[in-house]
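Commentary on secondary and tertiary structure
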Amino acid sequence: MKILNFLFLTLLSSASTLNLHALQVATTIVNPNNFGIKFPNGSQFYGNANKVVSISKQEFIVGPLLVTEVCIEFDQSPLQVRIYNSQTIPTDKVLNDANKKIPERLSTLARNPNLPKKIDKEMSNTTTQQNVYKDYPTTTHARTIEFIVPKLSELNAFFDKISDDFNRMGNQSMNKKIYILTE
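Chains are numbered independently. Their residues run from 1 in the order of the written sequence. For this predicted model, a pLDDT threshold of at least 70 governs which residues receive local features, and a threshold of 80 or more governs which side-chain atom pairs are given and counted, while totals over whole chains, interfaces and linings are taken from all residues. Each side-chain value is derived from all of the structure's non-hydrogen atoms; neither hydrogens nor water enter the calculation.

1. Notes on the overall build of the protein chain
Here a helix means four or more residues in a row that DSSP labels H or I, a strand means two or more in a row labelled E, and each is numbered from the N terminus. The helix and strand inventory of the protein chain stands at five helices and eight strands. Taken from the N to the C terminus, the helices and strands of the protein chain come in the order α-β-β-β-β-β-β-α-α-α-β-α-β. Each residue gets one of three labels from its accessible area relative to the maximum for its type: buried under 20%, exposed over 50%, partly exposed in between, using a 1.4 Å probe on protein chains only. Looking at the protein chain as a whole, 31% of its 183 residues qualify as buried. The contacts of the protein chain with a sequence gap of at least 6 include a subset with a gap of at least 24, amounting to 57%. Each accessible area is a Shrake-Rupley result for a 1.4 Å probe, and residues are judged covered by the shown protein chains and nothing else. On the protein chain, roughly 11900 Å² of surface is accessible, and the fraction owed to carbon and sulfur atoms is 58%. Contacts are assigned to residue pairs that have any heavy atoms within 4.5 Å of one another.

Spelled out as structure tokens, the structure:
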């Protein structure tokens, strides 16, 4: 019995430790119509939850980056909130596409099964984009608020939670909530 208690307490303490580094949701906003998002770098966004009309997630490629983006749009407003993560495109994806286009004489080198692991190991030391970069007029327009989340897993957890809240009771289930991204 003591062993079971010990295991239970160990699991409980490790679960609470894991929770410290994951998406958190608080219901501390006083205005019952508002919701908020707090980001790891200290940036924050607050808006009227009753005006949210859509929440979407998509992936796209920009240069060497694979971007995952969550977009929140508001009723009768040109305002968009975009929250994204960018990472270098996974090597296996690049090599699969390249293998279809390379000359036969280079194919044995490019099809080396260890090559993606070697490249990914080298790339693992590179950092993803930490700040929003805008190059006017080719990037988004002035009424777009953009934030970056360093960890894709946390962006996905955020999207899962906020879209679940939005779909459960419409935007009313987002009222008074602050979505806190911690990583």
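On we go from here.
2. Focus on the packing of aromatic side chains
When two rings of Phe, Tyr or Trp (its six-membered ring) have centres within 6.5 Å they constitute a pair, described as stacked for plane angles under 30 degrees, edge-to-face for angles over 60, and tilted for the intermediate range. Using the criterion set out here, one finds five aromatic pairs in the structure. Ring plane angle 85° and centroid distance 5.9 Å describe the contact between Phe158 and Tyr179, whose orientation is recorded as edge-to-face. Placement of the pair is Phe158 in helix H5 (residues 152-169) and Tyr179 in strand S8 (residues 178-180), with a sequence separation of 21 residues. You'll find Phe158 and Tyr179 in the same group, each marked buried.

3. Some thoughts on the side chain of Ser173
Of note, Ser173 is situated in the loop between H5 and S8. Take Ser173: its relative accessible area is 11%, and that puts it in the buried class.

4. Structural notes on the sheet that holds strand S5 (residues 65-74)
Within a sheet, neighbouring strands are paired by backbone hydrogen bonds and run either parallel or antiparallel to one another. Paired strands, in this sense, are two strands between which DSSP finds at least two bridges. Spatially, four strands are ordered S4-S5-S6-S7 in an open sheet, and the strand pairing comes out mixed. Each edge of the open sheet is held by one strand with a lone partner, namely strand S4 (52-62) and strand S7 (144-148). Here the average twist between neighbouring strands, direction ignored, is 20°. With respect to the sheet, H5 is in contact with S4, S5 and strand S6 (80-88), its orientation differing from that of S4 by roughly 155°. Between N-to-C directions, angles span 0 to 180 degrees; the directions come from axes that are lines fitted to C-alpha atoms, helices contributing only their stretch in contact.

5. Some thoughts on the pairing of strand S2 (residues 34-38)
Taken together, the five bridges between S2 and strand S3 (residues 44-48) define a ladder with antiparallel strand orientation. Residue pairing across strands places Lys38 opposite Gln44, the latter belonging to S3. Counting the residues that bridge the hairpin from S2 to S3 gives five residues, and of these Gly42 lies at a positive phi of roughly 100°. As judged from the three bridges shared by S2 and S8, these two strands associate in the parallel manner. In the strand pairing of S8, Gly36 is matched with Ile178.

6. Focus on the environment of Ser43
By the element assignment, Ser43 lies in the loop between S2 and S3. Taking the relative accessible area as the measure of exposure, Ser43 reaches 25% and is therefore partly exposed. Apart from residues no more than four positions distant in its own chain, Ser43 is found in contact with Ile37, Lys38 and Phe147.

These figures come from the coordinates and say nothing about function on their own.
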